[in-house]
Amino acid sequence: MARYIIKRILLAIPVLIGATFLVFTILFFTPSDPARMILGSSATEEAIEAMNEELGINDPFFVRYFNYMKGLVQGDMGRSYRNNSSVSETIAGRLGNTLILASAGMLFAIIIGIPVGILSAVKQYSKIDNATMFITLFLTAVPTFWYALILVIIFALKLHWLPASGMGVGLVPLLKSLILPTITLGSGYAAMIARTTRSSVLEVIRQDYIDTARAKGVSEKTVIWKHMLKNALIPIVTVVGLNFGSLLGGSVLTETIFSWPGVGRYVVDSISYRDTNAVLGSVVTLTILFTIVNLAVDIIYALIDPRIKSQYAVKRRKKHAQSENAV
Amino acid sequence: MHKAKTQFDPAVKDKQEQRTLFQQAVRQFKHNKMAVAGLIIILILLAIIIATVVIDIVTDQSFYNEHVIKQDLSLRLAKPSAEHIFGCDEYGRDLFLRIIWGTRLSLTIGIAAIFLSVIIGAPFGIIAGYYGKTTDNIIMRFMDVLLSVPYILLAMAIVAALGKSTINLLIALSVSGIAKYARIARASVMVVKDNEYVEAARAMGANDFTIMFKYILPNALAPILVQLSLGIGDSILAVAGLSFLGLGVQYPQAEWGAILTAARTYMLQAWHVSIFPGIALIISVIAFNLFGDGLRDALDPKLKR
């Protein structure tokens with residue numbers, strides 16, 4: 001098990017280095033004049049030249065990339081061109097907010113999606129099943145930002161139940177301000193999870209061991225939650241993990257609409273200001289987050305699927321046998 | 001008696017066997033009512049796009065400039081009425097016409113982006129799957145890197161570098177989708193490449209290029225087409241999302257996501273400006289998703305009974 005986890009982590013490192021290189025290269029071509037942005041339009045040519053030298057703008061591409069990576073591993077993502085603040089500090093202050101929103105959205109999706117999917121599968125072709133399939137079809141097609149607008153119009157502007165934007169301070173205001181963004185972010189995801197759960201449970205439901213469990217007199221509840229779900233879980237985990245990237249993408253839109261002070265909104269603002277360092281830092285941060293979640297999914301696979309675990313166990317046994325033979 | 005005849009009549013049986021795989025898929029697709037409904041909506045949307053293009057060419061864009069772009073502040077945020085069935089936007093332009101004309105950009109960018117992703121990505125996947133070993137490793141590790149950056153964020157970074165415009169949005173979305181289709185093409189080629197006809201082609205002296213693109217590709221095409229059609233919905237949503245953020249189609253061009261950006265400011269005074277473009281988006285995406293689902297069921301041999 002430990003070998004498997006270590007192998008996964010080691011495989012993720014080159015991918016992450018490649019990803020930073022890719023994003024760095026793309027943004028390297030952004031036409032911007034950071035020195036003038038920092039110093040203002042009244043700055044003299046000499047001052048701008050000196051600033052460019054200080055920022056390393058005149059260095060060749062690979063030197064700049066190397067310096068960036070050197071900073072990155074020490075947690076330094078350079079300075080914002082817009083207001084000369086530290087990009088790492090800004091992101092550190094915002095990352096928590098993004099994580100709160102993303103986890104709330106993911107939790108909402110899982111809590112709603114899995115039970116609805118199971119119900120739909122157990123009662124296949126019933127009215128409930130048809131209704132669920134129709135609603136989920138609709139929800140996967142709804143644009144996040146449009147859905148958010150409608151929720152805001154109804155619950156914030158007409159009914160005045162919930163705040164239209166911003167992040168509340170203190171537990172109750174925070175939770176209140178979290179409700180609409182969470183629903184916005186989580187609904188499409190919940191629909192996707194419900195659909196996967198349904199088809200995955202349907203595949204399992206006709207297996208012999210389910211009949212065996214029922215024949216043994218196991219209660220229907222135990223059959224569903226223990227025998228069915230455990231075996232149906234792998235495709236569900238895959239969908240949850242793979243779509244975490246689109247959840248992060250969705251959080252960019254959600255944060256912008258609800259003025260949620262997270263990393264996603266920082267990217268959008270920074271693009272408008274051509275603040276390349278800030279864009280680079282945010283995209284790299286969210287990519288690292290995405291990679292960590294995928295890593296976690298790989299580890300969860302091993303935990304729920306004994307076949308993966310045994311693969312590694314067998315390898316070790318074989319090696320052991322080989323070394324014994326050699327002796 | 002009649003029934004028995006059709007069942008045992010050798011002519012009927014022959015006819016069934018003669019049906020090509022394509023005909024079988026078409027039959028299967030036709031039985032799926034939802035998929036056919038999706039296809040019909042897609043054809044209607046296509047007709048709308050063609051009609052707007054024809055009107056623009058015939059009237060030399062004067063209709064477009066007069067009704068879709070020209071502002072009339074006396075009708076600012078006018079509610080839906082007999083004359084303007086969807087009402088008017090914040091510059092007094094007819095919302096119905098803006099949505100109709102918006103169909104072109106909203107859908108074609110999304111569709112074109114997916115096709116470009118496939119055209120660029122699939123050959124990489126085919127080459128990786130066909131040659132295997134080091135070639136496969138080099139290409140697929142590069143694709144892993146592309147996949148490790150979330151789709152929308154990669155597109156945003158590319159737009160940030162190139163600047164905000166419709167063409168740059170298209171480029172950004174195409175590049176962001178490459179890795180997905182390379183992966184699908186690779187997996188699909190690996191299933192096909194050990195078949196006898198590939199070996200036969202090789203024995204006949206066909207070169208690698210011919211084998212890959214003439215013998216393997218047509219047989220590996222089904223999963224790629226299915227994923228392509230299933231991806232169109234997401235791609236359309238991505239176009240609207242990025243335009244909504246101001247990173248795509250720019251003012252004053254008509255595009256659904258861009259209309260919604262403006263609608264956001266006036267959502268309390270004028271709900272209709274927010275509602276209608278969203279409904280247009282949902283209908284289009286559902287249509288493409290249903291079509292894609294139907295195509296998958298028709299082409300996926302696993303699901304055939």
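Residues numbered from 1 in each chain as written. Chains lettered and ligands numbered in written order. Predicted model: local features only at pLDDT ≥ 70, side-chain atom pairs only at ≥ 80, totals over all residues. Heavy atoms only, no water.

### Details of the confidence of the model for chain A
Okay, step 1: For chain A, per-residue confidence averages 84 on the pLDDT scale, and residues scoring 70 or more make up 94% of the total.
Okay, step 2: Predicted confidence in chain A is weakest over helix H14 (residues 306-326) of chain A, with a mean pLDDT of 60, and strongest over helix H5 (residues 87-122) of chain A, with 91. (pLDDT = per-residue confidence, 0-100. Helix = DSSP H or I, 4+ residues; strand = E, 2+ residues; numbered from the N terminus.)

### Details of helix H6 (residues 95-131) of chain B
All names here are of chain B.
Okay, step 1: In this model, H6 (37 residues) spans 53 Å end to end at C-alpha, consistent with the 54 Å of a helix rising 1.5 Å per residue.
Okay, step 2: Put simply, Asp-94 is the residue that caps the front of H6, since its side-chain oxygen is 3.1 Å from the backbone nitrogen of Phe-96.
Okay, step 3: Remark: Gly-132 follows H6 within two positions and exhibits a positive phi of approximately 65°. (Expected span 1.5 Å × (residues − 1). Polar contact = N/O pair within 3.5 Å; in protein donor to acceptor, adjacent residues only side chain to side chain.)

### Some thoughts on the pattern of salt bridges
Okay, step 1: With the rule as written, the count across this model stands at nine salt bridges over all chains.
Okay, step 2: Arg-198 of chain A serves as the salt-bridge partner of Asp-129 of chain A, at 2.8 Å between the closest nitrogen and oxygen. Remark: Arg-198 of chain A occurs in helix H8 (residues 171-205) and Asp-129 of chain A occurs in helix H6 (residues 127-141); sequence separation between them is 69 residues.
Okay, step 3: Salt-bridge contacts for Asp-144 of chain B lead to Arg-183 of chain B; the nearest nitrogen and oxygen are separated by 2.7 Å. Residue Asp-144 of chain B is found in helix H7 (residues 133-148), and its partner Arg-183 of chain B is found in helix H9 (residues 166-192); the two are separated by 39 residues along the sequence.
Okay, step 4: What makes Asp-144 of chain B buried here is its relative accessible area of 15%.
Okay, step 5: On the accessibility criterion, Arg-183 of chain B (41% relative accessible area) is partly exposed.
Okay, step 6: Linked through salt bridges whose partners overlap, the residues forming this network are Arg-141, Asp-144 and Arg-183 of chain B. (Salt bridge = Lys/Arg side-chain N within 4 Å of Asp/Glu carboxyl O. Buried < 20%, exposed > 50% of the residue type's maximum accessible area, 1.4 Å probe, protein only.)

### With respect to the layout of surface pockets
All names here are of chain A.
Okay, step 1: Roughly 710 Å³ of volume is contained in the second largest pocket.
Okay, step 2: Lining the second largest pocket are 26 residues, and of these Leu-55, Arg-64, Tyr-68, Tyr-81 and Asn-277 lie nearest its centre.
Okay, step 3: Elements with a contribution of two residues or more to the lining of the second largest pocket: helix H1 (2-28), helix H3 (45-55), helix H4 (61-73) and helix H13 (276-304).
Okay, step 4: If you tally residues by element for the lining of the second largest pocket, the top one is H4, at four residues.
Okay, step 5: Classifying every residue of the lining of the second largest pocket by side-chain character gives eleven nonpolar, ten polar and five charged.
Okay, step 6: Formed jointly, the lining of the second largest pocket draws a minimum of three residues from each of two domains, domain 1 (33-76) and domain 2 (94-326). (1 Å grid on protein atoms, 1.4 Å probe; cavity = no way out; pocket = protein on both sides within 12 Å on 5 of 7 lines; lining within 4 Å. Points joined across faces, edges and corners; volume = space filled by probe spheres on them. Nonpolar A, V, L, I, M, F, W, Y, C, P; charged D, E, K, R; others polar. Domains from an automatic or database assignment.)

### Describing the interface of chain B and chain A
Okay, step 1: Of the residues lining the interface, 40 residues belong to chain B; the matching set on chain A comes to 41 residues.
Okay, step 2: Among the residues of chain B in contact with chain A, Leu-153, Met-267 and Ile-282 of chain B are the three that bury the most area, contributing 16% of the side total.
Okay, step 3: Seen at the junction of chain B and chain A, the total is zero salt bridges.
Okay, step 4: One can count two residue pairs in polar contact (both at pLDDT 80 or more) joining chain B with chain A.
Okay, step 5: If you list the elements that add at least two residues to the side of chain B that touches chain A, you get H7, helix H8 (151-162), helix H11 (208-244), helix H12 (256-265) and helix H13 (271-299) of chain B.
Okay, step 6: Top contributing element to the side of chain B that touches chain A by residue count: H13 of chain B, with eleven residues.
Okay, step 7: Looking at the side of chain B that touches chain A residue by residue, the classes come out as 29 nonpolar, seven polar and four charged. (Contact = heavy atoms within 4.5 Å. Buried area = accessible area lost by both parts, 1.4 Å probe.)

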